[in-house]
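Descriptive analysis of the structure
Below, each chain spelled out in residue letters.
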Amino acid sequence: MFEKIKTLGELGEIASAARAKGSKVVLAHGVFDILHVGHKRHLDIGKRHGDLLIVTLTTDRFVNKGPDRPVFGEKLRAEMLAALQCVDYVGVSPDPGAEYVLEIIKPSYYLKGSEYADEEADVTGRIKTERQTVEKFGGEVLYTEDITFSSSNLSNRVMSLYPEETAAYLKDLRSRITVGDVQKEVAAVEKKRCLVIGDAILDEYIYVEPLGKPAKENIIATKYKSREVFCGGAVATANLVGQVCASVDLVTLLGRSQSHEEVIRANLNPHVNLVPFYREGGQTTVKSRLVDPAYVKKLIEVAYISDEALPAAEQATLNGWVEKNIANYDAVIVNDFGHGMIDDGLVDIVSRKSRFLAVNAQTNSANRGFNLITKYPRADFICIDEPEARLAAVERYAPIETVVREKLQKKINCHTFVITHGKLGSIVYTPQAGVKRIPALTGEAIDTIGAGDAFFALASPLLAAGSDPYLAAFIGNAVGAMKVRIVGQRHQITKPEILEYLSTLLK
């Protein structure tokens, strides 16, 4: 059985030799996470159409079905496929799509399920390019018509991957909405024009090996291993908004010295247009963290930051641009990190003149107690975490539902509040429907930095387009669950990945 498992290079040679003898090669490519009778019949049909059946798997890191997938790792998935009599060879692709495999195998037939026959319904957009690649080498796509099952459906309903509360929530959600409903909601924001306002932050991860305490110093010594720099803050928010909206302007503040503008521009989503303003004599915020790479545990942070109030002339230039242009946007999304960019004048402008205003005012180590959401008198959507909500409400012990309903709602004129809770999920409050809780969709986090911002970035344009607040919060929760599985901003979550994960949850 294990002799069937080959590298892609070996599979290319095997396929080439078979074609030279006049044999027809059939290729099936996919995740094959939970092997079932639908898979077996699919592969049996493929074998009947050719002389050699090769099956290739998506490697674990590119399985875009959510943070808890695949259920089985690539080695186990390959072993199960190799055990099938109809399968001649198995390989694992290091690439996210099938195009790379198709270039190597050059099959006569590329096997796909009937659900892929409608190219327009494919949320990834890959089936069209896969078909074109197959046809380039004289092959064709073979769509199988037989009994079908979904591995995601089976894992959701049979394998109990989620805690009881989450499983019950998803079961109820599936009874009320479909994948098509979610796709329509996301599609509805594509033509929305969004303005993101907020602090640019570079997150520097310096990976070190802890060595212990030196004999003569009261410090912890570390050994340098490597370094990564990510674009965080409002840049990360704008990039994610740009995944679902075709037009996004990012108004942010950079330091004239050490602006890091080239790095920021190089990491912008193509749909995001940078509108930079500059702090003379200051620098762009960099938050440098020493990180234990084994567990992605942060040991200490050093902030390189110029966070005092902007000089009046610089603030007036920034505020003037926003006031002049704000009427051009369907939604204004304010990511306020409290680093000196947003003054009372700018708060007044966005509060009075935004068609739709979404606000996140963060409490962090540089501003604790000085950057409360209550400085905004009005908003259409407010998204903060529980400590930020308690600080703003001056309420330490009451249930968080009470904090929102009886304190914050009376202080701020706002239609929709979301309070994120990390592993506890989030709560959504609207005056009409009251408080509802949405459980977390994953209990395992690699890096929590930016998860709340990811939630905020997706939920904001959806609410601006008229989505139901609880549906928008579910989608935001899903994106937050995806984000906590990513170190920093090492990978930008894409729209196809979001839609694929949402589809997985709702099957």
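What counts, and at which threshold
- Position numbers for residues count from 1 along each chain, tracking the sequence in the order it is written.
- For this predicted model, a pLDDT threshold of at least 70 governs which residues receive local features, and a threshold of 80 or more governs which side-chain atom pairs are given and counted, while totals over whole chains, interfaces and linings are taken from all residues.
- The side-chain values count all of the structure's non-hydrogen atoms but skip hydrogen atoms and water molecules.
- Strands here mean DSSP runs of E at least two residues long; helices mean DSSP runs of H or I at least four residues long; both are numbered from the N terminus.
- A helix is expected to span 1.5 Å for every residue after the first.
- Accessibility here uses a 1.4 Å probe with only protein chains present; expressed as a share of the type maximum, an area under 20% marks a residue as buried, one over 50% as exposed, and anything in between as partly exposed.
- Working note: the arc is built from the helix axis to C-beta atom directions.
- Whether two residues are in contact is decided by their heavy atoms: any pair within 4.5 Å suffices.
- Any two rings among Phe, Tyr and Trp, with Trp reduced to its six-membered ring, count as a pair given centres within 6.5 Å; such a pair is stacked if its planes are under 30 degrees apart, edge-to-face if over 60, and tilted if neither.
- By definition, being over a ring means that NZ of Lys or CZ of Arg is both within 6 Å of the ring centre and within 35 degrees of the ring normal.

**Some thoughts on helix α14 (residues 400–411)**
Between its first and last C-alpha atoms α14 spans 15 Å; for twelve residues at 1.5 Å apiece the expected length is 16 Å, and the two agree. Those residues of α14 that fall on the buried side of the exposure criterion are Ile400, Val403, Val404 and Leu408. One side of α14 carries all its buried residues, which in axial view fall inside an arc of 90 degrees. In this fold, the buried residues of α14 make contact with β15 (378–385), α13 (386–393), β16 (413–420), β17 (426–430) and β18 (434–438).

**Here's the deal with the packing of aromatic side chains**
Aromatic ring pairs are defined here through the distance separating the ring centres and the angle between the ring planes. Applying the stated rule across the entire model yields six aromatic pairs. On the numbers, 5.2 Å between centres and 85 degrees between planes, the contact of Tyr205 with Phe230 is edge-to-face. Remark: Phe230 occurs in strand β8 (residues 221–233) and Tyr205 occurs in strand β7 (residues 200–212); sequence separation between them is 25 residues. A relative accessible area of 0% places Tyr205 in the buried class. Among the residues examined, Phe230 registers a relative accessible area of 5% and is labelled buried. Relative to Tyr429, the ring of Phe417 has its centre 6.3 Å away and its plane inclined at 45 degrees; by these criteria the two rings are tilted. Of this pair, Phe417 sits in strand β16 while Tyr429 sits in strand β17, and the two are twelve residues apart along the sequence. One aromatic cluster is present, formed by Tyr205, Tyr207 and Phe230 through successive ring pairs. Lying over the aromatic face of Phe137, Lys106 brings its terminal NZ or CZ to 5.0 Å of the ring centre. Residue placement shows Arg256 over the ring face of Tyr278; its charged tip is 4.2 Å from the ring centre.

**Describing the environment of Phe137**
The topology assignment puts Phe137 in the loop between α5 (126–136) and β5 (140–144). Taking the relative accessible area as the measure of exposure, Phe137 reaches 31% and is therefore partly exposed. Along the sequence, Phe137 and Ile105 sit 32 residues apart, while their C-alpha atoms lie 9.8 Å from each other.

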